[in-house]
Amino acid sequence: MPRIVTSAVLDAPAQEVWELLRDFSAIGSWHPFLPEAKIEGGDPADRVGAVRVFPAAGGHRERLVALDDAERSTRYAFEDTAGLPVRGYVSGLRVTPASDTTSLVEWTADFDCDATDEPQVLSQVRDGIFLPGLTALKERFA
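About the cut-offs
- Residues numbered from 1 in each chain as written.
- Predicted model: local features only at pLDDT ≥ 70, side-chain atom pairs only at ≥ 80, totals over all residues.
- Heavy atoms only, no water.
- Salt bridge = Lys/Arg side-chain N within 4 Å of Asp/Glu carboxyl O.
- Helix = DSSP H or I, 4+ residues; strand = E, 2+ residues; numbered from the N terminus.
- Buried < 20%, exposed > 50% of the residue type's maximum accessible area, 1.4 Å probe, protein only.
- 1 Å grid on protein atoms, 1.4 Å probe; cavity = no way out; pocket = protein on both sides within 12 Å on 5 of 7 lines; lining within 4 Å.
- Points joined across faces, edges and corners; volume = space filled by probe spheres on them.
- Nonpolar A, V, L, I, M, F, W, Y, C, P; charged D, E, K, R; others polar.

An unreviewed UniProt entry lists the protein chain under the name SRPBCC family protein, with Lentzea rhizosphaerae as the source organism.

What follows is the structure, given as structure tokens:
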């Protein structure tokens, strides 16, 4: 099963970064390539089981499967494939203190796919979503 792990050090305390990232519906407000997301059914954006939908991205859906304030981490699962040749896609963000004034953000993904599709998926997720998102966070908290 392929795994993607990316990370960045931000010039902000971990709790400050976590306040933004724990909001499951806010990703479109800080990620340069992701559109606005809506939480389906009026559920709170920080409730496990909440589903965020990206109407401008063909209605792609992701379900929040874990949120841990003590660990400053979230996990979410695709409810569809997002146009990728994947199965069982689960991703997560975690924020840890790097110092009193900086934090480490780690973004991971685990999924299954055919071996022939793995290089394409790795590139699309890592280079097309994770790295631009982490770069945008670095700029936001600079």
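From this point, things continue past the structure.
## Some points on the pattern of salt bridges
Two side chains with opposite charge may pair up if their charged atoms get near one another. The full count for this structure, using the stated rule, is 14 salt bridges. A salt bridge links Arg-22 to Asp-69; the nearest nitrogen and oxygen atoms lie 2.8 Å apart. One end of the pair, Arg-22, is in the loop between α1 (14-21) and α2 (27-30); the other, Asp-69, is in the loop between β4 (60-68) and β5 (73-78), and 47 residues separate them in sequence. Between Glu-40 and Arg-61 there is a salt bridge whose closest N-O contact spans 2.3 Å. Of this pair, Glu-40 sits in the loop between β2 (38-39) and β3 (51-54) while Arg-61 sits in strand β4, placing them 21 residues apart in sequence. Relative accessible area serves as the criterion here: at 35%, Glu-40 is assigned to the partly exposed category. Because the salt bridges share partners, they merge into one network encompassing Glu-40, Arg-61, Arg-63 and Glu-79.

## Brief notes about the layout of surface pockets
As a volume, the largest pocket reaches approximately 330 Å³. Forming the walls of the largest pocket are 19 residues, and the residues nearest its centre are Leu-34, His-60, Phe-78, Ala-82 and Ile-129. Looking at the lining of the largest pocket, the elements that each hand over two or more residues are β3, β4, β5 and α3 (118-140). With four residues, α3 is the single largest residue contributor to the lining of the largest pocket.

## As for empty space enclosed by the protein
Under the counting rule described, the total for this entry stands at one cavity of 30 Å³ or more. The volume enclosed by the largest cavity comes to roughly 70 Å³. In terms of lining residues, the largest cavity is bounded by Leu-21, Asp-23, Phe-24, Ile-27, Trp-30, Arg-52, Thr-74, Tyr-76 and Leu-93. When its residues are assigned to classes, the lining of the largest cavity shows six nonpolar, one polar and two charged.

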